[in-house]
Amino acid sequence: MIVNLSVNGQVLNVDVDPSTPLLYVLRNDASINSAKYGCGAGQCGSCAVLLDDKVVLSCSYPVGSVNGNVKTLESYASDPTLLALNKAFIAEQAVQCGYCIPGMMIRAKVLLDKNISPSVPQIKASLQGHLCRCGTQTRIIKAIQRAGKELSV
Amino acid sequence: MIHHSETTRRHFLKSSLGLAIGFTWVPSLLSQTSVDSLPGSLNNNRMLDSWIHIQPDGKVIVLAGKVEFGQGITTALMQIVADELQINMSRIVMIPTTTGISPNEGVTSGSQSIEYGGIALRYAAADAREILLERAAGQLNVPISELKIEDGEIKSSSGKTTSYWALTNQELFQRPVSAKVALKKSHTTIGQSIERVDIPAKVSGGSAYVQDMKIPGMLHARVIRPPAPRAAIVSLNTAPVEKMPGVVVVIRDGSFLAVVAQREEQAVRAREVLKQNVQWQLAKDLPTSLSAWFRTMKQKRSIDTTIGVKQNAAKPIARVLSAQFTKPFVAHASIGPSCAVAQMKDGAITVWTHSQGMYPLRTDLVKTLGFPAEKIICVHKEGSGMYGQNGADDVALDAILIAKALPNKPIRLQWMRDDEFKWEPYGSAMIINIDAALDQEGNIVDWKHELWSNTHSTRPGEPTGNNLLASWYLEKPFKPSPVKNIPQPAGGSDRNAVPLYVFPNQKVENHLLDDMPIRVSALRTLGAYANVFAIESMMDDLANAAKQDPVQFRLKHLQDDRAREVLTHVAKMADWKQMPKAYRKNGKLCGRGVAFAKYKNLSVYVATIADVEVDPKTGKITVSNLYAAADGGLTINPDGFKNQIEGGLVQTTSWTLLEEVPFNQDGIEINNWAEYPVLRFADVPNVYVEIINRENQKSLGVGEGSQGPGCAAIANAVANALGQRIYDLPLSPNRVKAALAQSRQSA
């Protein structure tokens with residue numbers, strides 16, 4: 001079946017089983033690298049993308065159910081919040097292996113769009129569904145706060 | 001050692017980079033009997049042009065055998081070369097570690113990349129600089145002492161100029177590195193917190209990982225592993241899967257089973273259906289539980305060694321303390337399951353993988369496939385975090401077994417979550433017994449440390465045996481390499497088992513088990529994590545028994561000034577007060593603990609202090625603060641160093657509070673993150689790290705320095721809070737509750 005999608009403003013028609021997880025279509029048909037396979041069960045957050053303004057875990061979200069515009073980290077240059085996060089993650093060197101980071105940046109964008117100066121507990125609560133194994137969490141928190149400050153000036 | 005022809009190497013660089021570089025192999029020099037030992041990785045890779053090429057176009061090509069996995073080594077190595085060559089870092093092109101092209105630096109492990117690879121590149125760059133300076137002096141007809149270098153431009157005091165780019169030619173670096181040129185004493189890029197070069201792609205959706213590779217015509221594969229180790233296929237029905245959309249082929253060799261499809265989700269679905277259509281004969285040879293394994297470990301056949309023996313006159317013993325400590329199997333649990341891309345073309349295999357050792361991997365691939373080494377090209381491409389040996393080597397063989405059956409087709413294979421959890425080699429379970437004696441004044445006069453463990457390295461690349469998972473399941477199966485320990489002073493299971501403290505009498509006995517029912521290999525720190533946990537716990541118990549402050553008690557037994565300094569430094573950072581008292585806050589039991597280790601007794605010095613809060617009702621421990629002071633000698637990149645120490649502290653918090661691989665006789669019981677919980681954001685401590693830079697000391701490996709002391713400081717803080725020590729890892733809620741019950745009883 002042909003599924004129509006809008007990914008970062010680009011329209012995409014893919015002949016695919018509608019039960020296919022959105023993740024595989026993004027990675028293999030839409031040239032998206034940022035959303036990563038981590039667990040396939042919505043437990044780690046590394047596949048997070050935006051569906052309109054909501055976070056979805058694309059590893060367990062059927063592509064046939066997508067009704068809206070998909071947005072990923074690849075569109076960072078045209079999104080002020082993602083751009084601020086991109087700069088802040090570099091400034092704080094808030095990455096080790098980095099596999100989990102794009103998912104966290106997507107989650108942080110939604111947080112910052114609602115609250116430009118989140119507290120540490122608010123950031124932690126927002127990222128509770130995201131795993132980082134390298135132990136970079138303390139820097140990730142700082143990067144999100146830095147991006148918020150950058151956006152508020 | 002050397003299998004490749006010069007032409008193979010030249011050809012590869014041309015095709016991948018559009019560069020034409022000549023290479024020389026190590027000359028007959030190596031076959032001579034008396035060859036001077038050279039620093040670090042130079043010893044096995046002696047030619048200057050196996051490390052550095054200076055191009056007429058102003059680029060500097062750097063080859064390294066140590067690979068990036070987010071620890072920042074690529075950037076650090078670039079800083080070293082730029083500093084010694086006096087060039088801007090932006091001129092450097094780093095070549096991904098590739099067999100046949102890159103220097104063979106073995107495995108990227110043990111926090112050795114700076115100590116071995118960094119020092120090799122530093123001497124190589126120093127030689128390159130001197131060779132070009134000599135040439136410039138000849139050409140400009142001025143003494144070297146009158147020449148200055150600025151970003152590769154060479155100027156004489158009288159105003160004559162030339163440059164590296166004008167002076168370079170292919171033959172110039174076809175000579176062994178002398179390692180005799182004086183290294184620069186004042187630094188430009190060394191010591192700077194330069195931003196890592198691998199980060200921009202990772203935070204912008206760039207192609208940064210082997211998982212992101214896309215080759216035209218690429219097919220997707222998945223493996224179907226047995227339900228438990230050593231199970232064998234008894235029957236297989238491929239018909240239902242072969243009818244599925246997109247399925248290209250089912251591949252079976254003995255009990256190795258895989259499926260290939262046009263699309264990734266088709267391969268994933270086919271794997272599920274294939275699982276339903278294969279019957280396995282189970283070996284049922286796993287221990288029934290971790291406690292059952294612990295009960296038998298001391299009776300198992302073992303290779304026994306005694307190390308660190310000291311026998312000296314001492315004051316009479318006033319008191320003896322004895323304790324047994326245990327550590328469970330722990331998983332690497334990288335966020336992204338292992339992945340490789342392989343392609344068989346013109347009789348040669350190329351495989352891209354995130355393994356920590358391209359050459360050792362190739363050694364075992366040669367054994368498995370029977371191909372000559374030059375027909376197997378292993379190329380490093382970053383994956384998810386490497387904390388030792390996860391599935392990265394195994395997935396490379398899996399992908400190759402599939403690619404070999406489908407010539408010319410690029411095959412991308414990513415393991416599923418349960419593949420990684422069930423089949424990665426874990427960090428070994430360990431038992432440690434310590435007996436220690438105090439004299440009347442509270443000095444330690446005798447110390448005995450005895451440990452039981454499986455090996456901590458079953459990596460590929462051994463002379464005999466084959467350590468790649470799939471090789472054991474083939475129609476013609478291979479056997480794993482014989483068990484061996486990494487020798488002291490670095491040690492494997494006995495890593496950090498010899499205390500850095502000075503005691504008059506001391507003995508360490510290591511029992512390395514032969515029997516390995518649960519597959520284990522290197523996990524960050526190897527045995528050091530558990531040994532430091534045990535030693536530092538015992539040090540606190542002894543300080544308590546002697547009624548002495550834990551920091552002062554440690555200082556009293558330490559003679560190494562740098563060790564003493566990290567301890568006093570962290571005490572100052574955390575505002576440590578003599579004899580910290582446990583207290584209650586909002587119904588929580590609060591405590592504080594300290595610990596210290598010099599990793600491997602060879603690398604970074606780290607002292608840590610932990611603050612914890614324990615909920616007596618639920619038994620849950622929260623680590624509120626972790627402080628660390630670290631001395632890694634001459635610091636290459638201070639922020640990169642801090643990032644490693646910080647990450648290690650958070651990772652060890654997870655290991656220490658939560659982690660244990662569950663298993664029973666039927667198999668490993670982990671399919672997902674719910675069955676192997678790791679630390680989540682809400683429980684991440686505040687982390688404070690300060691580093692002590694020592695310009696005149698050699699650079700030390702830092703990547704594994706904080707896990708051992710981080711764990712021990714948490715354990716000591718918990719003991720302080722509860723008034724009762726927990727001797728078994730992880731420090732789980734049930735153990736906290738049991739300790740509290742015991743504490744109440746004895747009160």
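Given the structure is predicted, the values throughout are model-derived calculations rather than measurements. (Residues numbered from 1 in each chain as written. Chains lettered and ligands numbered in written order. Predicted model: local features only at pLDDT ≥ 70, side-chain atom pairs only at ≥ 80, totals over all residues.)

1. What about the overall build of chain A?
Each helix and strand in chain A was counted, giving five helices and five strands. Secondary structure elements in chain A, listed N-terminal to C-terminal, are β-β-α-β-β-β-α-α-α-α. The globule rule puts the C-alpha radius of gyration for 153 residues at 15 Å, and the 15 Å found for chain A is close to it. Counting only C-alpha atoms and orienting by the principal axes, one finds that chain A spans roughly 45 × 30 × 20 Å. Taken over 153 residues, chain A has a buried fraction of 56%. (Helix = DSSP H or I, 4+ residues; strand = E, 2+ residues; numbered from the N terminus. Rg over C-alpha atoms; globule rule 2.2 N^0.38 Å. Buried ≥ 20, exposed ≤ 12 C-beta atoms within 10 Å, placed from the backbone.)

2. Focus on the overall build of chain B
Helix and strand counts for chain B come out as 17 helices and 27 strands. In summary, chain B has a C-alpha radius of gyration of 27 Å against a globular reference of 27 Å for 747 residues, a match within 12%. Each principal axis of the C-alpha distribution contributes one length, and for chain B these read about 80 × 80 × 50 Å. Sorting the 747 residues of chain B into buried and exposed places 55% on the buried side.

3. Structural notes on the packing of helix 9 (residues 358–369) of chain B against helix 10 (residues 392–405) of chain B
Residues and elements named next belong to chain B. Between helix 9 and helix 10, the shortest axis-to-axis distance is 11 Å and the interhelical angle comes to 35 degrees. Regarding helix 9 and helix 10, the two cross each other, and that crossing is right-handed. Between helix 9, through Leu-361, Leu-365 and Thr-368, and helix 10, the contact on the second element is made entirely by Asp-393, Ala-396, Leu-397 and Ile-400. In terms of residue class, the contact of helix 9 with helix 10 is built from five nonpolar, one polar and one charged. (Axes fitted to C-alpha atoms, helices over the stretch in contact; angles between N-to-C directions. Left-handed = near helix turned anticlockwise from the far one by under 90°. Contact = placed C-beta atoms within 7 Å. Nonpolar A, V, L, I, M, F, W, Y, C, P; charged D, E, K, R; others polar.)

4. A word on the nonpolar core
Residues and elements named next belong to chain B. By size, the foremost hydrophobic cluster in this structure holds 224 residues, and its most contacted members are Val-259, Ala-340, Ala-399, Ala-628, Ala-630 and Val-718. Per-element accounting of this core gives the leading share, 11 residues, to helix 12 (residues 528–545). Those residues in contact with Ala-628 that sit more than four places away from it in its chain are Val-570, Val-606, Ala-607, Thr-608, Ile-645, Leu-649, Val-689 and Ser-706. Met-47, Ala-82, Ala-124 and Ile-190 belong to the second-largest nonpolar core, a separate cluster that totals 45 residues. (Core = buried A, V, L, I, M, F, W, Y, C linked by C-beta atoms within 7 Å.)

Interpretation in functional terms is not warranted from these geometric data alone.
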